[in-house]
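Survey of secondary and tertiary structure
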Amino acid sequence: MEYYLVKWKGWPDSTNTWEPLQNLKCPLLLQQFSNDKHNYLSQVKKGKAITPKDNNKTLKPAIAEYIVKKAKQRIALQRWQDELNRRKNHKGMIFVENTVDLEGPPSDFYYINEYKPAPGISLVNEATFGCSCTDCFFQKCCPAEAGVLLAYNKNQQIKIPPGTPIYECNSRCQCGPDCPNRIVQKGTQYSLCIFRTSNGRGWGVKTLVKIKRMSFVMEYVGEVITSEEAERRGQFYDNKGITYLFDLDYESDEFTVDAARYGNVSHFVNHSCDPNLQVFNVFIDNLDTRLPRIALFSTRTINAGEELTFDYQMKGSGDISSDSIDHSPAKKRVRTVCKCGAVTCRGYLN
């Protein structure tokens, strides 16, 4: 008869018991146990036949250790997923998935929904004027006051070229929440999944639903720091082989967004030389042109299950930076090999 070692929920390991299969009323856990065992055996010494002796009487310690680690990882990722969904303030749900390795939640990452100013930096999130339109789609609205076109069509898709700023209606406007010029401020509408990539690119983000072309997907948020502080942090990040620095260079180069410790789902979006997301500068309540919000829009139809990517060298102007050290949104001071796999891959992230 087969016996399983059971860890009882809410009880310490000292109360674990061996139970026959007939006593177990947890089909999902048993299926996960079987899957984890199968995955381990298929990963270890591929090509080596598993003889009956290998499966006889007891699990090898290495297999048992892997199954326990995988179970603990699953619990940790579920708790992290629950925390992310408690903290988010947008409609779309966040899921977490790792079927690749034993990596758990990041230890030093804090989910935020909007810019977090570093000490000494003031973000004025209150507009000084607003529109009085009854229909912002047809009347002279906030974009016209700023000297630009309304960014969206009636299907909530962006219709302006990259490099053109988006001016949305703000808290002083008399239009309601259903105004066609309130898109980015409503947050991510799509359910997204943070998943572990299988080709060494760490975590990535995929959509769980179909996204229409030219649609708003997410904002890039993080800690707002000075460019001088970004230079200092950039050197530290280079030594670790990571960076999440995004220059706010719409009009000047005074500030940078650092999403390394504080960020949202965009923290996990990978680079591609052929991306499906495009960067746009957005102004809503804060009209300071030195501090635009960064929005990512789809460049084409993105199918459910497809990974989301943007070009780390893409500037808010819509151009590819020629000098990534000084001007790229994602500052890279050392040559980092690109693993995006695109036909048009440049070979390096910088």
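Given the structure is predicted, the values throughout are model-derived calculations rather than measurements.

This paragraph deals with the UniProt feature "binding site: Zn(2+) 1" (unreviewed entry) in the chain. When the UniProt feature table is mapped onto this chain numbering, "binding site: Zn(2+) 1" (unreviewed entry) sits at Cys 131, Cys 133, Cys 136 and Cys 141. You can see Cys 133 is positioned in the loop between β5 (116–117) and α3 (142–145). Residue classification places Cys 133 among the buried residues on the basis of a relative accessible area of 8%. Filtering out sequence-adjacent residues up to four positions away, Cys 133 remains in contact with Gln 139, Lys 140, Cys 141 and Cys 175. Examined against the element boundaries, Cys 136 turns out to sit in the loop between β5 and α3. Exposure remark for Cys 136: the relative accessible area of 4% places this residue in the buried category. In this structure, Cys 136 is in contact with Cys 131, Cys 141, Leu 150, Cys 169, Cys 175 and Cys 179, ignoring residues within four places of it in sequence.

Let us now look at the domain arrangement of the chain. Each assigned domain of the chain is listed with its residue range as follows: domain 1 (1–43 + 59–84) and domain 2 (92–308). For domain 1 versus domain 2, the distance between C-alpha centres works out to 39 Å. Opposite the nine residues of domain 1 that make contact, domain 2 presents 16 residues. Summed over both partners, the interface of domain 1 with domain 2 comes to about 1100 Å²; 72% of that surface belongs to carbon and sulfur atoms. When residues of domain 1 are sorted by the area they lose upon contact with domain 2, Trp 80, Gln 81 and Leu 84 head the list and together hold 52% of the total. The interface formed by domain 1 and domain 2 holds zero salt bridges in total. Taken together, the links from domain 1 to domain 2 amount to five residue pairs in polar contact (both at pLDDT 80 or more).

Next up on the list: the UniProt feature "binding site: Zn(2+) 3" (unreviewed entry) in the chain. The UniProt record annotates "binding site: Zn(2+) 3" (unreviewed entry) at Cys 136, Cys 169, Cys 175 and Cys 179. These annotated residues cover 44 residues of sequence, but their C-alpha atoms sit close together, with the largest distance between any two at 8.6 Å. If near-sequence neighbours (up to four positions away) are discounted, Cys 169 is found in contact with Cys 131, Cys 136, Cys 141, Cys 142, Cys 175, Cys 179, Asn 181, Arg 182, Gln 185 and Ile 284. Structurally, Cys 175 is set in the loop between β6 (166–167) and β7 (192–196). A residue is classified by how much of its surface remains accessible, and Cys 175, at 13% relative accessible area, is buried.

The next thing to look at is the layout of surface pockets. Any space left empty among the atoms is revealed by the rolling of a water-sized probe across them. As a volume, the largest pocket reaches approximately 1800 Å³. Every residue lining the largest pocket is counted, 38 residues in all, and those nearest its centre are Leu 5, Val 6, Lys 7, Phe 33 and Ile 67. With nine residues, the top contributor of residues to the lining of the largest pocket is helix α2 (residues 61–87). In terms of residue class, the lining of the largest pocket is made up of 19 nonpolar, eight polar and eleven charged. Approximately 900 Å³ is the volume found for the second largest pocket. Lining the second largest pocket are 33 residues, and of these Arg 201, Gly 241, Ile 242, Thr 243 and Tyr 244 sit closest to its centre. Looking at the lining of the second largest pocket, the elements that each hand over two or more residues are α4 (227–240) and β14 (270–271). Among the elements that take part in the lining of the second largest pocket, α4 stands out by supplying four residues, more than any other.

Turning next to the packing of aromatic side chains. Across all of its chains, the model carries 17 aromatic pairs by this definition. Ring centres of Tyr 4 and Phe 33 lie 5.4 Å apart, and the angle between their planes is 75°; on these two criteria the pair is classed as edge-to-face. Highlighted residues: Tyr 4 in strand β1 (residues 3–6) and Phe 33 in helix α1 (residues 27–43), separated in sequence by 29 residues. Residue classification places Tyr 4 among the buried residues on the basis of a relative accessible area of 17%. With centroids separated by 6.0 Å and ring planes inclined at 75°, the aromatic side chains of Tyr 220 and Phe 310 adopt a geometry described as edge-to-face.

What follows deals with the pairing of strand β8 (residues 203–207). The two faces of a sheet get side chains in turn, since along a regular strand they alternate between them. Of all five residues making up β8, five are buried, and the element is well covered by its neighbours. Strand direction decides the pairing type here: β7 and β8, joined by five bridges, are antiparallel. Within the sheet, the bridge partner assigned to Cys 193 lies in β8 and is Lys 206. Bridging between β8 and strand β17 (residues 307–310) involves two bridges; their strand directions are antiparallel. Bridge pairing in β17 places Val 205 opposite Leu 308.

Before going further, it helps to spend a moment on empty space enclosed by the protein. Scanning the entire structure with this criterion turns up one cavity of 30 Å³ or more. Along its surface, the largest cavity is lined by eleven residues, and Tyr 220, Thr 243, Tyr 244, Phe 310 and Tyr 312 are the ones closest to its centre.

Conventions adopted
Counting starts from 1 at the beginning of each chain's written sequence and moves along it residue by residue. Local features in this predicted model are restricted to residues of pLDDT 70 or higher, and side-chain atom pairs are both shown and tallied only at a pLDDT of 80 or more, whereas totals for entire chains, interfaces and linings draw on every residue. As a rule here, side-chain values cover all heavy atoms of the structure and leave hydrogens and water aside. UniProt positions are given in the numbering used here, feature names are shortened, and annotations may be inferred rather than shown by experiment. In this description a helix means any DSSP run of H or I spanning at least four residues, a strand means any run of E spanning at least two, and both kinds are numbered starting from the N terminus. Throughout this description, buried means an accessible area under 20% of the type-specific maximum (1.4 Å probe, protein chains only), exposed means over 50%, and partly exposed covers the range between. Residue contacts are counted whenever heavy atoms from the two residues lie within 4.5 Å of one another. Bear in mind that the domain bounds are from an automatic or database domain assignment. The term buried area refers to how much accessible surface (probe radius 1.4 Å) is lost by two components on association, counted for both of them together. The rule for a salt bridge is simple: a side-chain nitrogen of Lys or Arg has to be within 4 Å of a carboxyl oxygen of Asp or Glu. Polar contacts here mean pairs of N or O atoms no more than 3.5 Å apart (in protein, one a potential hydrogen donor and the other a potential acceptor; neighbouring residues in sequence count only if both atoms are side-chain atoms). With a 1 Å grid laid over protein atoms only, a set of points is called a cavity when a 1.4 Å probe fits there but cannot get out and a pocket when it is open yet has protein on both sides within 12 Å along at least five of seven lines; lining residues have an atom within 4 Å of a point. Grid points are joined across faces, edges and corners, and a volume is the space filled by probe spheres set on the points. For this classification, Asp, Glu, Lys and Arg are treated as charged, while Ala, Val, Leu, Ile, Met, Phe, Trp, Tyr, Cys and Pro are nonpolar and the rest, including Gly, are polar. Aromatic rings from Phe, Tyr and Trp, with only the six-membered ring used for Trp, were paired whenever their centres fell within 6.5 Å, and each pair was classed as stacked if the ring planes differed by under 30 degrees, edge-to-face if by over 60, and tilted otherwise. For two strands to be treated as a pair, DSSP must find no fewer than two bridges joining them.

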